[in-house]
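The primary structure of each chain is shown beneath.
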Amino acid sequence: MSTLESILKETRSFPPSDDFRHKATVSGMEAYNALCEQANSQYLSFWEKLAREQISWKQPFTRVLDDSQAPFFKWFDDGVLNVSYNCLDRHLATQSDKTAIIFEADDGEVSRVSYAELHRRVCRFANGLKSLGVKKGDRVVVYMPMGVEAVVTMQACARIGAIHSVVFGGFSAGAVRDRVQDAGATVVVTSNEGMRGGKSVPLKATVDEALALEGAESVQKVVVHQRTSGQVAWDASRDIWWHELIASQPESCEPEWMNAEDPLFILYTSGSTGKPKGIQHSSAGYLLGAINSFRWVFDFKPDDVYWCTADVGWITGHSYVCYGPLGNGATQVIFEGVPTYPDASRFWRMIEQHKVSIFYTAPTAIRSLIKLGADLPKQFDLSSLRVLGTVGEPINPEAWIWYYETVGGGRCPIVDTWWQTETGSAMIAPLPGAVPTKPGSCTLPLPGIMADIVDESGAQVEPGRGGFLVIKKPFPSLVRTIWNDPERFKKTYFPEEFNGQYYLAGDSANRDENGYFWIMGRIDDVLNVSGHRLGTMEIESALVANPLVAEAAVVGKPHDVKGEAVVAFVVLKGARPVGEEAKKVAAELKNWVAHEIGKIAQPDDIRFGENLPKTRSGKIMRRLLRSIAKGEEITQDTSTLENPQILAQLQQPL
Ligand code: 7RM
């Protein structure tokens, strides 16, 4: 791939206020630069110091990094620790009564769990799992709604050294079976039902269906938490109620002391091709990434009330619900429901009610809430907020400004955090008391993260030119391997093209003259229009800047003159246009893109839908859009699609 062309221009810059900077843990650019300088000059002692300060070790490590089996790196590998001890026990002496979790159920009911209570619940459930024969190294699949029990289950696994594999509660039976089978799980933990947006989700029934499929024979026990009064089918030889399992279990449980490199969990993530990859994370390195980035990126302070809206089924819910906040002894909100129920002010009402000070959500949620009520936040007292965060995709500058002004009152730094399931923790994000933000940029790497942009020969590209986003040195929270597939791990993430030296993230990006990173899209989303390589996200950003447009996704289709032509799938803020109206709006949008970024990026074809095809985590399924753009039959798997009915709309030419 020759270098990409960057066409996005955004020059606004927002430094932290003096007040914010003065109070921040990393205060001002000099402090940020000093940390980067330490990491650059003394890479291993930089990480060593953090690992000694932030993790409570049963037995301290003597080796920092073992790279003799590269790219299978080992960090702190003769150290001994327990992750759940670090998230719970070590806080008990000083803050056992502090609230760990403020749980708000779908129906609005609120309950609070202190650190002492969470510790008891984790211990009892850990003992329950042990009584079922679960031991160190066994795999436990977790298929639960957002709630205290999901966190208890993950922490209980960590406590006894079992490897959890959380499967998002929106996935189908087939997806559950695939993950059970690949991991060879012996136990599944689920709930009878979940509750989302006033409707029940049949989790146990889906587990039953999954385990009846071929390949799921490894499962011996299914633990069922009773979340609702809904009835479920029961196999008495296999199923056991959570409350019965823990009924006679003691409230303490000696942690299983683990080696730093023992796997903590597997989390499956889809690649561009093939079956999902079981991303395997370590105990100590992963925990350090989660704890330290939480402290830096959110400028966490002990009296903060933190809320991350991500589900525990995704990496964000692992690092920034389960491990980072608890590892830091934070108070956090956990929400069972959806942002639009009972209405689109749910988030704003909850921020007011719980006095949330750090709020972390996804651009897709922000855009949908703008669409459903851009003025709604003004009806609530959001003055408790001090830091806002985003994750999962680039945020377009219009949504950024709205988030900044309308939600944050122009007072709160926005931390746009770029990272991946594979990186385990945030990699590129502003430290909010130091790095000035720019709308749409994830800004600068965290100290110790050697991110860069290179061309296909591995050479650094000049500012403004796009290329491959790589991380040039291993870091503690990086994926260790793909479960059962070390070869795929090597090929995918440490390819020969870069002599196996760089971690290849699979995203394209460019840096501006200040070194700020601008993510352009996944590598396989890159278009080549008449020899110009364009990141799809830049065109999408231009479309979304049009006042009529709520959301847009852009893909390429083969074109015999230009190589590739741009096809845009657009959701308007108003009703989906049809007939002459659709043609008129399409013409207007084509002109708009030509005007905003140049004729080269102008879509040949525009399709309108009421929504875009998305996975349940809100990621646009571009492979489906590529098929539609080419006019192909859809033969791909659509089982992870949230809203299959909109495909028909998008297939209709104007
Ligand atoms: C945390 C998470 C990873 C992919 C990644 C990017 C995209 C994530 C941002 C982003 C632009 C961001 N893990 N991505 N964060 N793109 N700006 N701040 O989402 O494994 O599910 O996805 O998501 O393409 O490679 S993930």
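Note: the structure precedes this text.
Residues numbered from 1 in each chain as written. Predicted model: local features only at pLDDT ≥ 70, side-chain atom pairs only at ≥ 80, totals over all residues. Heavy atoms only, no water.

Q: Provide a residue-level description of the overall build of the protein chain, including the pertinent values.
A: When you go through the protein chain residue by residue, the secondary structure sums to 19 helices and 31 strands. In summary, the protein chain has a C-alpha radius of gyration of 24 Å against a globular reference of 26 Å for 654 residues, a match within 12%. Considered along the principal axes of its C-alpha atoms, the protein chain spans approximately 70 × 60 × 50 Å. Counting all 654 residues of the protein chain, 62% fall into the buried class. If you take every contact in the protein chain between residues at least 6 apart in sequence, the share linking residues at least 24 apart comes to 71%. Surface exposure of the protein chain reaches about 24,300 Å², of which carbon and sulfur atoms provide 48%. The distance from the centre of the 67 positive side-chain charges to the centre of the 79 negative ones in the protein chain is 1 Å. (Helix = DSSP H or I, 4+ residues; strand = E, 2+ residues; numbered from the N terminus. Rg over C-alpha atoms; globule rule 2.2 N^0.38 Å. Buried < 20%, exposed > 50% of the residue type's maximum accessible area, 1.4 Å probe, protein only. Contact = heavy atoms within 4.5 Å. Areas by Shrake-Rupley, 256 points an atom, 1.4 Å probe, with all protein chains shown as cover. Lys, Arg positive; Asp, Glu negative; His and termini not counted. Charge placed at Lys NZ, Arg CZ, Asp CG, Glu CD.)

Q: Lay out the packing of aromatic side chains in plain terms, naming residues and giving numbers.
A: What the rule picks out here adds up to 45 aromatic pairs. Arranged with centres 4.8 Å apart and planes meeting at 70°, the rings of Phe298 and Tyr360 form a pair that is edge-to-face. Of this pair, Phe298 sits in the loop between helix H10 (284-297) and strand E17 (305-308) while Tyr360 is found in strand E19 (residues 358-361), placing the two residues 62 residues apart along the sequence. Since its relative accessible area comes to 1%, Tyr360 is described here as buried. Pairing Phe347 with Trp348 gives two aromatic rings, centres 6.2 Å apart and planes at 90°, and the pair type is edge-to-face. When its relative accessible area of 3% is taken as the criterion, Phe347 is described as buried. The buried category is assigned to Trp348, whose relative accessible area is 2%. Aromatic rings pair up to connect Tyr43, Phe46, Trp47, Trp57, Phe61, Trp75, Phe76 and Trp296 into one cluster. Directly above the ring of Phe171 sits Arg179, whose terminal nitrogen or CZ lies 4.7 Å from the centroid. (Phe/Tyr/Trp six-rings, centres within 6.5 Å; stacked < 30°, edge-to-face > 60°. Lys NZ or Arg CZ within 6 Å of the ring centre and 35° of its normal.)

Q: Kindly report on the nonpolar core, identifying the contributing residues and their values.
A: Counting residues in hydrophobic clusters, the biggest one holds 124 residues, and the most contacted among them are Phe76, Leu118, Phe125 and Tyr323. The contact partners of Tyr323, leaving out residues within four places of it in the chain, are Val83, Cys87, Met154, Gln155, Ala158, His164, Leu264, Phe265, Tyr286, Ala290, Ile291 and His318. Val356, Ile370, Leu382 and Trp402 belong to the second-largest nonpolar core, a separate cluster that totals 30 residues. (Core = buried A, V, L, I, M, F, W, Y, C linked by side-chain atoms within 4.5 Å.)

Q: Residues and numbers for the site of the ligand, please.
A: The environment of the ligand is formed by 16 residues, the closest being Asp416, Thr417, Thr421, Asp507 and Arg522. For the ligand, a nitrogen atom lies 3.1 Å from a polar atom in the backbone of Gly392. Here an oxygen atom of the ligand and a side-chain polar atom of Lys619 are 3.3 Å apart. Of all the secondary structure elements, the ones that give two or more residues to the shell around the ligand are helix H11 (315-327), strand E21 (414-417) and strand E26 (517-522). Here the residues of the shell around the ligand are counted per class, giving six nonpolar, five polar and five charged. (Near = heavy atom within 4 Å. Polar contact = N/O pair within 3.5 Å; in protein donor to acceptor, adjacent residues only side chain to side chain. Nonpolar A, V, L, I, M, F, W, Y, C, P; charged D, E, K, R; others polar.)

Q: Quick one: what's the story with helix H3 (residues 43-54), residue by residue and with numbers?
A: Helix length check: H3 (12 residues) gives 17 Å between terminal C-alpha atoms against 16 Å at 1.5 Å per residue, within 8%. Inspection of H3 places Tyr43, Phe46, Trp47, Leu50, Ala51 and Gln54 among the buried residues, and these make up the whole buried set. Buried residues of H3 fall within an arc of 125° about the axis and therefore sit on the same side. Contacts from the buried residues of H3 go to helix H2 (28-41), strand E3 (74-75), helix H4 (83-95) and H10. (Expected span 1.5 Å × (residues − 1). Arc of directions from axis to C-beta.)

Q: Go over the pairing of strand E6 (residues 110-114) with me, naming the residues and quoting the values.
A: Pairing between strand E5 (residues 99-104) and E6: five bridges, direction antiparallel. Bridged to Ile102 within E6 is Arg112. (Pairing = 2+ DSSP bridges.)

Q: Summarise the environment of Thr390; cite the residues concerned and give the values.
A: If you trace the backbone, Thr390 turns up in strand E20 (residues 387-391). A residue is classified by how much of its surface remains accessible, and Thr390, at 0% relative accessible area, is buried. Distance in space between the C-alpha atoms of Thr390 and Thr361 is 5.1 Å, their sequence separation being 29 residues. Setting aside its immediate chain neighbours within four residues, Thr390 contacts Tyr360, Thr361, Pro363, Ile366, Ile395, Tyr403, Ile414, Val415, Asp416 and Thr417.

Q: Tell me about the pattern of salt bridges, and please be specific about residues and values.
A: Applying the stated rule across the entire model yields 38 salt bridges. With its nearest N and O atoms 3.2 Å apart, the salt bridge here joins Asp19 to Lys23. Highlighted residues: Asp19 and Lys23, both in helix H1 (residues 18-23), separated by four residues, approximately one helical turn. Taking relative accessible area as the criterion, Lys23 reaches 55% and is therefore assigned exposed. Close ionic contact of Asp507 with Arg522 constitutes a salt bridge, the shortest N to O distance being 2.9 Å. Here Asp507, found in strand E25 (residues 503-511), pairs with Arg522, found in strand E26; they are 15 residues apart in sequence, far enough to count as distant. (Salt bridge = Lys/Arg side-chain N within 4 Å of Asp/Glu carboxyl O.)

Q: Can you tell me about the packing of helix H7 (residues 173-183) against helix H8 (residues 203-212), naming the residues and giving the values?
A: Two quantities define a packed helix pair, namely the angle between the axes and the distance from one axis to the other. Packing of H7 against H8 brings their axes to within 8 Å, and their N-to-C directions diverge by 60°. Classified by the angle between their axes, H7 and H8 sit oblique to one another. The crossing of H7 and H8 is right-handed. Facing H7, whose interface residues are Ala173, Val176 and Arg177, H8 presents Thr206, Glu209 and Ala210. (Axes fitted to C-alpha atoms, helices over the stretch in contact; angles between N-to-C directions. Parallel < 35°, antiparallel > 145°, perpendicular 65-115°, else oblique. Left-handed = near helix turned anticlockwise from the far one by under 90°.)

Scope: geometric values only; no functional claims are made or implied.
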